[in-house]
Amino acid sequence: NPGVDPSVAFNQDGIYLSTPNALTPVLFDIERVEAVLGPQGTLYGRNSNGGTINFITVRPTFETGGYIRAGVGNYGSTNTEGALNLPLSDTVALRVSGGSEHHDAYNDNGTNDVRSFAGRAKLLFKANDRFTILVTGDVASRKSHATSYDGSCPPNLENVPACASTPYQPWSGLLPSQPIGHGNTEIYGSSAEINYDFGWANIISLTGYKVTDWKNSTTAGWYGGVDNFDFIQNTKDKFFTQELRLSSPSSSAVAWVLGGYYSHLKQTALTQFNYVQNTFAPDDFYQAFPLTDSTAKSAAVFADLTLPLPWIEGFSLVGGLRYTHETKTADGLVAAGTISTGTPFPGTLTTSGKTSLNKVTWKAGVKYQVTNDNLLFFT
(Lines give C-alpha, C1' and ligand atoms only; values in the text may rest on other atoms or scores of the structure.)
Protein backbone atom coordinates (compact mmCIF):
# COMPACT_ATOMS: atom_id res chain seq x y z
CA ASN A 1 0.00 0.00 0.00
CA PRO A 2 1.43 3.41 -0.92
CA GLY A 3 2.65 5.33 2.11
CA VAL A 4 2.56 2.33 4.45
CA ASP A 5 5.85 1.35 6.07
CA PRO A 6 6.74 -2.36 6.00
CA SER A 7 6.85 -4.02 9.42
CA VAL A 8 10.18 -5.68 8.52
CA ALA A 9 12.94 -3.29 7.44
CA PHE A 10 15.08 -4.16 4.42
CA ASN A 11 18.62 -2.73 4.34
CA GLN A 12 21.18 -3.05 1.56
CA ASP A 13 24.75 -2.30 2.65
CA GLY A 14 23.42 -0.41 5.66
CA ILE A 15 21.00 1.77 3.66
CA TYR A 16 17.31 1.43 4.55
CA LEU A 17 15.00 0.75 1.58
CA SER A 18 11.66 2.58 1.51
CA THR A 19 9.92 -0.50 0.08
CA PRO A 20 10.89 -4.17 -0.44
CA ASN A 21 10.49 -3.45 -4.18
CA ALA A 22 13.68 -1.36 -3.93
CA LEU A 23 15.75 -4.46 -3.18
CA THR A 24 17.67 -5.54 -6.27
CA PRO A 25 15.57 -8.17 -8.11
CA VAL A 26 18.67 -10.33 -8.67
CA LEU A 27 20.70 -11.18 -5.57
CA PHE A 28 24.33 -11.23 -6.76
CA ASP A 29 27.80 -10.81 -5.28
CA ILE A 30 26.37 -11.17 -1.77
CA GLU A 31 28.79 -11.52 1.16
CA ARG A 32 26.18 -12.36 3.78
CA VAL A 33 22.57 -11.86 4.90
CA GLU A 34 21.76 -10.86 8.47
CA ALA A 35 18.47 -11.25 10.34
CA VAL A 36 17.77 -9.06 13.39
CA LEU A 37 14.82 -10.43 15.34
CA GLY A 38 12.00 -8.45 16.90
CA PRO A 39 11.52 -4.68 17.14
CA GLN A 40 14.69 -2.82 16.09
CA GLY A 41 15.63 0.80 16.46
CA THR A 42 18.37 1.28 19.06
CA LEU A 43 21.32 -0.18 17.12
CA TYR A 44 21.18 1.60 13.76
CA GLY A 45 19.08 3.15 11.03
CA ARG A 46 15.34 2.99 10.59
CA ASN A 47 13.20 1.49 13.32
CA SER A 48 10.93 -1.46 12.55
CA ASN A 49 8.33 -3.52 14.36
CA GLY A 50 9.10 -6.98 13.00
CA GLY A 51 12.88 -6.94 12.69
CA THR A 52 15.44 -6.20 10.01
CA ILE A 53 16.94 -8.08 7.07
CA ASN A 54 20.39 -6.84 6.05
CA PHE A 55 21.82 -7.69 2.62
CA ILE A 56 25.59 -7.11 2.67
CA THR A 57 27.34 -7.12 -0.72
CA VAL A 58 31.03 -7.81 -1.32
CA ARG A 59 33.36 -4.83 -0.86
CA PRO A 60 36.27 -4.03 -3.16
CA THR A 61 39.67 -5.43 -2.16
CA PHE A 62 43.23 -4.69 -3.21
CA GLU A 63 43.64 -7.96 -5.11
CA THR A 64 42.84 -8.52 -8.77
CA GLY A 65 40.15 -11.14 -9.17
CA GLY A 66 36.63 -11.99 -10.18
CA TYR A 67 34.24 -14.77 -11.11
CA ILE A 68 31.53 -15.70 -13.61
CA ARG A 69 28.62 -18.07 -13.01
CA ALA A 70 25.83 -19.15 -15.35
CA GLY A 71 22.95 -21.57 -15.12
CA VAL A 72 20.10 -22.99 -17.19
CA GLY A 73 16.91 -24.78 -16.25
CA ASN A 74 13.41 -25.69 -17.29
CA TYR A 75 10.84 -23.09 -18.37
CA GLY A 76 13.60 -21.59 -20.52
CA SER A 77 15.42 -20.47 -17.39
CA THR A 78 18.82 -18.79 -17.61
CA ASN A 79 20.73 -16.90 -14.94
CA THR A 80 24.11 -15.23 -14.77
CA GLU A 81 26.28 -13.63 -12.12
CA GLY A 82 29.75 -12.14 -12.19
CA ALA A 83 32.16 -9.68 -10.63
CA LEU A 84 35.51 -8.07 -11.44
CA ASN A 85 37.75 -6.64 -8.72
CA LEU A 86 40.55 -4.24 -9.69
CA PRO A 87 43.06 -2.42 -7.46
CA LEU A 88 43.53 0.93 -9.23
CA SER A 89 46.32 2.08 -6.88
CA ASP A 90 47.63 1.43 -3.38
CA THR A 91 44.67 3.34 -1.95
CA VAL A 92 41.85 2.93 -4.51
CA ALA A 93 40.02 -0.26 -5.55
CA LEU A 94 37.04 -0.87 -7.86
CA ARG A 95 34.55 -3.72 -7.92
CA VAL A 96 32.01 -4.05 -10.74
CA SER A 97 29.39 -6.81 -10.56
CA GLY A 98 26.09 -7.79 -12.11
CA GLY A 99 23.54 -10.52 -12.57
CA SER A 100 20.51 -11.51 -14.62
CA GLU A 101 17.57 -13.87 -14.40
CA HIS A 102 15.16 -14.98 -17.09
CA HIS A 103 12.47 -17.63 -17.30
CA ASP A 104 9.43 -18.20 -19.47
CA ALA A 105 5.87 -18.14 -18.18
CA TYR A 106 5.00 -20.60 -15.41
CA ASN A 107 1.31 -20.42 -16.34
CA ASP A 108 -0.27 -21.60 -19.57
CA ASN A 109 -1.81 -18.17 -20.08
CA GLY A 110 1.63 -16.59 -20.55
CA THR A 111 1.89 -15.02 -17.08
CA ASN A 112 4.50 -15.18 -14.32
CA ASP A 113 7.56 -14.94 -16.51
CA VAL A 114 10.59 -12.87 -15.48
CA ARG A 115 13.25 -10.82 -17.25
CA SER A 116 15.55 -9.19 -14.70
CA PHE A 117 19.02 -7.71 -14.59
CA ALA A 118 21.02 -5.69 -12.08
CA GLY A 119 24.45 -4.06 -11.95
CA ARG A 120 26.57 -2.41 -9.29
CA ALA A 121 29.87 -0.54 -9.09
CA LYS A 122 31.72 0.09 -5.80
CA LEU A 123 34.75 2.38 -5.49
CA LEU A 124 36.81 2.16 -2.30
CA PHE A 125 39.29 4.80 -1.13
CA LYS A 126 41.42 3.61 1.80
CA ALA A 127 43.65 6.43 2.97
CA ASN A 128 45.03 4.33 5.83
CA ASP A 129 43.90 1.74 8.36
CA ARG A 130 41.74 4.38 10.08
CA PHE A 131 39.96 6.18 7.23
CA THR A 132 37.93 4.73 4.34
CA ILE A 133 35.35 6.03 1.86
CA LEU A 134 33.13 3.70 -0.17
CA VAL A 135 30.95 5.03 -3.00
CA THR A 136 28.34 2.78 -4.66
CA GLY A 137 26.11 3.13 -7.72
CA ASP A 138 23.54 0.55 -8.77
CA VAL A 139 20.81 0.00 -11.36
CA ALA A 140 18.25 -2.78 -11.83
CA SER A 141 15.20 -3.73 -13.88
CA ARG A 142 12.55 -6.40 -13.51
CA LYS A 143 9.85 -7.09 -16.10
CA SER A 144 7.10 -9.68 -15.89
CA HIS A 145 3.69 -10.45 -17.31
CA ALA A 146 1.64 -10.30 -14.16
CA THR A 147 -1.10 -12.68 -13.13
CA SER A 148 -4.39 -12.73 -15.00
CA TYR A 149 -7.41 -14.49 -13.55
CA ASP A 150 -10.86 -15.55 -14.59
CA GLY A 151 -13.83 -13.37 -13.71
CA SER A 152 -16.37 -16.15 -13.18
CA CYS A 153 -17.65 -17.31 -9.81
CA PRO A 154 -16.20 -20.34 -8.00
CA PRO A 155 -17.97 -23.68 -8.50
CA ASN A 156 -21.16 -24.71 -6.62
CA LEU A 157 -22.42 -21.14 -6.19
CA GLU A 158 -25.02 -21.19 -8.97
CA ASN A 159 -27.80 -20.28 -6.52
CA VAL A 160 -26.05 -17.15 -5.24
CA PRO A 161 -27.73 -14.09 -6.89
CA ALA A 162 -24.41 -12.31 -7.53
CA CYS A 163 -23.20 -15.31 -9.56
CA ALA A 164 -26.30 -15.61 -11.72
CA SER A 165 -24.71 -13.76 -14.64
CA THR A 166 -21.19 -15.14 -14.14
CA PRO A 167 -21.53 -18.88 -13.35
CA TYR A 168 -18.48 -21.06 -12.93
CA GLN A 169 -16.76 -22.21 -16.11
CA PRO A 170 -13.78 -24.58 -16.25
CA TRP A 171 -10.56 -22.90 -17.39
CA SER A 172 -10.19 -23.18 -21.15
CA GLY A 173 -7.28 -20.82 -21.74
CA LEU A 174 -7.16 -17.22 -22.83
CA LEU A 175 -8.57 -15.84 -26.01
CA PRO A 176 -5.79 -14.92 -28.46
CA SER A 177 -6.47 -11.21 -28.13
CA GLN A 178 -6.73 -11.08 -24.33
CA PRO A 179 -4.51 -8.41 -22.77
CA ILE A 180 -2.11 -9.62 -20.10
CA GLY A 181 -1.10 -7.55 -17.11
CA HIS A 182 2.46 -6.62 -16.27
CA GLY A 183 4.66 -6.06 -13.26
CA ASN A 184 7.67 -3.88 -14.04
CA THR A 185 10.20 -2.31 -11.69
CA GLU A 186 13.03 0.11 -12.49
CA ILE A 187 15.58 0.91 -9.75
CA TYR A 188 18.63 3.15 -9.63
CA GLY A 189 20.53 4.79 -6.82
CA SER A 190 23.81 5.68 -5.16
CA SER A 191 25.28 5.68 -1.67
CA ALA A 192 28.37 6.78 0.25
CA GLU A 193 29.89 5.22 3.36
CA ILE A 194 32.59 7.06 5.35
CA ASN A 195 34.40 5.32 8.22
CA TYR A 196 36.94 6.74 10.66
CA ASP A 197 38.56 4.96 13.61
CA PHE A 198 39.46 7.30 16.49
CA GLY A 199 40.86 4.42 18.52
CA TRP A 200 38.50 4.98 21.41
CA ALA A 201 35.47 4.89 19.05
CA ASN A 202 34.47 4.34 15.44
CA ILE A 203 32.34 6.79 13.45
CA ILE A 204 30.39 5.93 10.31
CA SER A 205 28.35 8.12 7.97
CA LEU A 206 25.87 6.47 5.60
CA THR A 207 24.21 8.51 2.84
CA GLY A 208 21.82 6.99 0.31
CA TYR A 209 19.50 8.01 -2.51
CA LYS A 210 17.34 5.56 -4.42
CA VAL A 211 14.56 5.83 -7.01
CA THR A 212 12.11 2.94 -7.33
CA ASP A 213 9.51 2.99 -10.12
CA TRP A 214 7.01 0.11 -9.80
CA LYS A 215 4.18 -0.38 -12.30
CA ASN A 216 1.71 -3.21 -11.98
CA SER A 217 -1.51 -4.16 -13.75
CA THR A 218 -3.67 -7.24 -13.31
CA THR A 219 -6.18 -8.32 -15.94
CA ALA A 220 -9.23 -10.26 -14.86
CA GLY A 221 -9.89 -13.19 -17.15
CA TRP A 222 -12.30 -12.96 -20.01
CA TYR A 223 -15.77 -14.15 -19.31
CA GLY A 224 -17.75 -14.69 -22.47
CA GLY A 225 -14.90 -13.26 -24.54
CA VAL A 226 -14.84 -9.88 -22.77
CA ASP A 227 -12.10 -8.36 -20.60
CA ASN A 228 -14.39 -7.29 -17.78
CA PHE A 229 -12.08 -5.82 -15.15
CA ASP A 230 -8.52 -4.45 -14.83
CA PHE A 231 -6.64 -3.37 -11.72
CA ILE A 232 -3.71 -0.92 -12.01
CA GLN A 233 -1.31 0.15 -9.30
CA ASN A 234 1.82 2.27 -9.78
CA THR A 235 4.18 3.82 -7.23
CA LYS A 236 7.34 5.87 -7.65
CA ASP A 237 9.61 6.48 -4.65
CA LYS A 238 12.44 9.01 -4.42
CA PHE A 239 14.14 8.23 -1.14
CA PHE A 240 17.02 9.94 0.69
CA THR A 241 18.60 8.71 3.92
CA GLN A 242 21.38 9.96 6.15
CA GLU A 243 22.76 8.20 9.22
CA LEU A 244 25.62 9.11 11.57
CA ARG A 245 26.70 6.56 14.15
CA LEU A 246 29.42 6.50 16.85
CA SER A 247 30.21 3.13 18.41
CA SER A 248 32.68 1.48 20.75
CA PRO A 249 35.70 -0.36 19.27
CA SER A 250 35.40 -4.12 18.96
CA SER A 251 38.02 -4.56 21.71
CA SER A 252 35.91 -2.72 24.29
CA ALA A 253 34.38 -4.78 27.08
CA VAL A 254 31.41 -2.39 27.19
CA ALA A 255 29.65 -2.18 23.81
CA TRP A 256 27.80 1.06 23.07
CA VAL A 257 26.25 2.91 20.14
CA LEU A 258 25.12 6.54 19.74
CA GLY A 259 23.44 7.52 16.50
CA GLY A 260 21.19 9.80 14.52
CA TYR A 261 19.02 9.01 11.51
CA TYR A 262 17.06 11.02 8.92
CA SER A 263 15.05 9.96 5.89
CA HIS A 264 12.93 11.82 3.35
CA LEU A 265 10.56 9.98 1.01
CA LYS A 266 8.78 11.67 -1.88
CA GLN A 267 6.18 9.43 -3.49
CA THR A 268 3.57 9.49 -6.25
CA ALA A 269 1.15 6.64 -6.79
CA LEU A 270 -1.91 5.52 -8.72
CA THR A 271 -4.58 2.98 -7.87
CA GLN A 272 -7.15 2.49 -10.65
CA PHE A 273 -10.08 0.15 -11.30
CA ASN A 274 -11.27 -0.32 -14.88
CA TYR A 275 -14.81 -1.71 -15.16
CA VAL A 276 -14.75 -2.72 -18.81
CA GLN A 277 -17.86 -4.88 -18.53
CA ASN A 278 -19.12 -5.46 -15.04
CA THR A 279 -22.37 -6.15 -13.22
CA PHE A 280 -21.46 -3.84 -10.31
CA ALA A 281 -20.70 -0.64 -12.29
CA PRO A 282 -21.38 0.88 -15.70
CA ASP A 283 -19.44 -0.54 -18.63
CA ASP A 284 -16.43 1.44 -19.93
CA PHE A 285 -16.01 3.12 -16.55
CA TYR A 286 -12.93 3.72 -14.39
CA GLN A 287 -12.28 4.86 -10.84
CA ALA A 288 -8.85 6.36 -10.12
CA PHE A 289 -7.19 7.32 -6.86
CA PRO A 290 -3.90 9.07 -7.75
CA LEU A 291 -1.58 10.17 -4.99
CA THR A 292 -0.20 13.29 -6.63
CA ASP A 293 2.23 14.35 -3.91
CA SER A 294 3.20 12.46 -0.76
CA THR A 295 6.11 12.96 1.63
CA ALA A 296 7.31 11.05 4.66
CA LYS A 297 10.06 12.38 6.91
CA SER A 298 11.60 10.52 9.82
CA ALA A 299 14.24 11.84 12.23
CA ALA A 300 15.59 9.95 15.22
CA VAL A 301 18.36 9.71 17.80
CA PHE A 302 19.17 6.39 19.44
CA ALA A 303 21.53 4.72 21.90
CA ASP A 304 22.33 1.13 22.80
CA LEU A 305 24.43 -0.30 25.63
CA THR A 306 25.67 -3.80 26.47
CA LEU A 307 27.15 -3.91 29.99
CA PRO A 308 28.93 -7.09 31.17
CA LEU A 309 28.58 -8.05 34.83
CA PRO A 310 32.06 -8.83 36.19
CA TRP A 311 30.83 -11.26 38.82
CA ILE A 312 29.07 -13.55 36.28
CA GLU A 313 31.36 -14.41 33.37
CA GLY A 314 29.63 -14.16 30.01
CA PHE A 315 26.51 -12.43 31.44
CA SER A 316 25.54 -8.94 30.22
CA LEU A 317 22.73 -6.44 30.63
CA VAL A 318 21.34 -4.88 27.44
CA GLY A 319 19.43 -1.60 27.10
CA GLY A 320 18.50 0.90 24.45
CA LEU A 321 16.54 4.12 23.86
CA ARG A 322 15.21 5.85 20.75
CA TYR A 323 13.37 9.09 20.12
CA THR A 324 11.61 9.30 16.74
CA HIS A 325 9.79 12.21 15.11
CA GLU A 326 7.87 11.50 11.90
CA THR A 327 5.72 13.60 9.60
CA LYS A 328 3.63 12.36 6.69
CA THR A 329 1.67 14.43 4.18
CA ALA A 330 -0.39 13.36 1.19
CA ASP A 331 -2.32 15.10 -1.57
CA GLY A 332 -4.43 13.15 -4.00
CA LEU A 333 -7.56 12.87 -6.11
CA VAL A 334 -10.67 10.76 -6.38
CA ALA A 335 -11.58 10.67 -10.05
CA ALA A 336 -13.74 8.71 -12.49
CA GLY A 337 -14.26 8.70 -16.23
CA THR A 338 -14.62 6.77 -19.46
CA ILE A 339 -11.94 4.15 -20.19
CA SER A 340 -12.11 4.09 -23.97
CA THR A 341 -11.67 7.84 -24.40
CA GLY A 342 -9.83 8.66 -21.18
CA THR A 343 -12.35 11.43 -20.55
CA PRO A 344 -12.76 12.25 -16.84
CA PHE A 345 -16.18 12.92 -15.41
CA PRO A 346 -16.77 16.38 -13.89
CA GLY A 347 -16.49 16.78 -10.16
CA THR A 348 -13.05 15.36 -9.36
CA LEU A 349 -12.52 15.40 -5.59
CA THR A 350 -9.22 16.58 -4.13
CA THR A 351 -7.96 15.00 -0.91
CA SER A 352 -5.18 15.84 1.52
CA GLY A 353 -3.93 14.77 4.90
CA LYS A 354 -1.10 15.27 7.36
CA THR A 355 0.03 13.52 10.50
CA SER A 356 2.93 14.12 12.86
CA LEU A 357 4.09 11.61 15.45
CA ASN A 358 6.63 11.61 18.31
CA LYS A 359 7.61 8.59 20.33
CA VAL A 360 10.22 7.42 22.81
CA THR A 361 10.79 3.68 22.57
CA TRP A 362 13.10 1.42 24.56
CA LYS A 363 14.44 -2.06 24.93
CA ALA A 364 15.87 -3.97 27.90
CA GLY A 365 17.25 -7.45 28.22
CA VAL A 366 19.98 -9.84 29.29
CA LYS A 367 22.27 -12.17 27.40
CA TYR A 368 24.51 -15.02 28.47
CA GLN A 369 27.40 -16.24 26.31
CA VAL A 370 27.41 -19.89 27.37
CA THR A 371 30.26 -20.80 25.00
CA ASN A 372 31.87 -19.14 22.00
CA ASP A 373 29.19 -20.74 19.81
CA ASN A 374 26.15 -20.59 22.10
CA LEU A 375 24.23 -17.52 23.23
CA LEU A 376 21.12 -17.27 25.39
CA PHE A 377 19.25 -13.97 25.41
CA PHE A 378 16.00 -12.37 26.50
CA THR A 379 14.73 -8.91 25.45
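Preceding block: the structure.
The sections below set out a description of the structure shown in this document.

The rules behind these values
Residues numbered from 1 in each chain as written. Predicted model: local features only at pLDDT ≥ 70, side-chain atom pairs only at ≥ 80, totals over all residues. Heavy atoms only, no water. Buried < 20%, exposed > 50% of the residue type's maximum accessible area, 1.4 Å probe, protein only. Helix = DSSP H or I, 4+ residues; strand = E, 2+ residues; numbered from the N terminus. Pairing = 2+ DSSP bridges. Salt bridge = Lys/Arg side-chain N within 4 Å of Asp/Glu carboxyl O. Core = buried A, V, L, I, M, F, W, Y, C linked by side-chain atoms within 4.5 Å. Contact = heavy atoms within 4.5 Å. Patch = residues over 30% accessible without salt bridge, like charges linked within 9 Å, V, L, I, M, F, W, Y side chains within 5 Å. Areas by Shrake-Rupley, 256 points an atom, 1.4 Å probe, with all protein chains shown as cover.

What follows is about the pairing of strand E20 (residues 374-378). Burial runs low along E20: only zero of the five residues are buried. Relative to E20, strand E19 (residues 349-371) runs antiparallel, the two sharing five bridges. Paired with valine 366 across the two strands is phenylalanine 378, which belongs to E20. Following E19, the chain reverses through two residues before pairing antiparallel with E20.

Next up on the list: the sheet that holds strand E1 (residues 9-12). One open sheet holds the four strands; their spatial order is E2-E1-E4-E3, and the pairing between them is mixed. Looking along the sheet, the strands with just one partner apiece sit at the ends: strand E2 (15-16) and strand E3 (30-37). The sheet contact formed by E3 and strand E4 (residues 51-57) spans seven bridges and is antiparallel. Counterpart to alanine 35 in the pairing with E4 is isoleucine 53.

Next up on the list: unusual backbone geometry. Despite not being glycine, aspartate 13 shows a phi value in the positive range, around 55°. You can see aspartate 13 is positioned in the loop between E1 and E2. When its relative accessible area of 18% is taken as the criterion, aspartate 13 is described as buried. A positive phi is found at aspartate 284, a non-glycine position, where the angle reads about 55°. In this structure, aspartate 284 sits in the loop between strand E16 (255-275) and strand E17 (285-308). Aspartate 284 sits in the partly exposed class, given a relative accessible area of 28%.

Glancing now at the pairing of strand E7 (residues 92-103). Two elements, strand E6 (residues 77-87) and E7, share 10 bridges in a ladder whose sense is antiparallel. Among the inter-strand pairings, leucine 84 is bridged to a residue of E7, identified as valine 96. Once E6 ends, the chain turns through four residues before running back antiparallel as E7. As paired elements, E7 and strand E8 (residues 114-126) share 12 bridges and run antiparallel to each other. Across the sheet, glycine 99 pairs through a bridge with alanine 118, a residue of E8.

Between side chains of opposite charge, a pair can form when the charged atoms approach closely. Within the structure shown, the criterion is met by 16 salt bridges. In this structure, arginine 46 and glutamate 326 form a salt bridge, with 2.9 Å as the shortest nitrogen-oxygen distance. Within this pair, whereas arginine 46 is found in the loop between E3 and E4, its partner glutamate 326 is found in strand E18 (residues 315-338), the two being separated by 280 residues in sequence. With respect to class, arginine 46 is no different from glutamate 326; both count as buried. As a salt-bridge pair, aspartate 304 and lysine 363 come within 3.1 Å of each other at their nearest N and O atoms. In this pair, aspartate 304 is assigned in strand E17 and lysine 363 in strand E19, connecting sequence segments 59 residues apart. Taking relative accessible area as the criterion, aspartate 304 reaches 6% and is therefore assigned buried. Among the charged side chains, a salt-bridge network with shared partners connects Asp5, Arg46, Glu326 and Lys328.

Ala9, Tyr16, Phe239, Val257, Tyr261, Leu265, Ala296 and Phe302 form the largest nonpolar core, which has eight residues in total. Among the elements of the structure, E16 and E17 are those that each provide at least two residues to this core. Of all the elements, E16 adds the most residues to this core, at three residues. Discounting residues that sit within four places of it in the chain, phenylalanine 239 has contacts with Tyr16, Leu17, Ser18, Gly208, Tyr209, Lys210, Tyr261, Ser263, His264 and Leu265. Formed by five residues, the second largest nonpolar core is a distinct cluster that contains Val26, Ala118, Ala140 and Ile187.

Looking at the secondary structure, you find lysine 354 in strand E19. For lysine 354, a relative accessible area of 67% gives the class exposed. Separated by 27 residues in the primary sequence, lysine 354 and threonine 327 place their C-alpha atoms 7.4 Å from one another. When near neighbours in sequence (up to four residues on either side) are disregarded, lysine 354 contacts Thr327, Lys328 and Thr329.

Judged by side-chain polarity, Leu84, Leu86, Leu88, Leu123 and Val135 come together as a nonpolar surface patch covering roughly 400 Å² of accessible area. Relative to the assigned elements, leucine 84 resides in strand E6. Taking the relative accessible area as the measure of exposure, leucine 84 reaches 44% and is therefore partly exposed.

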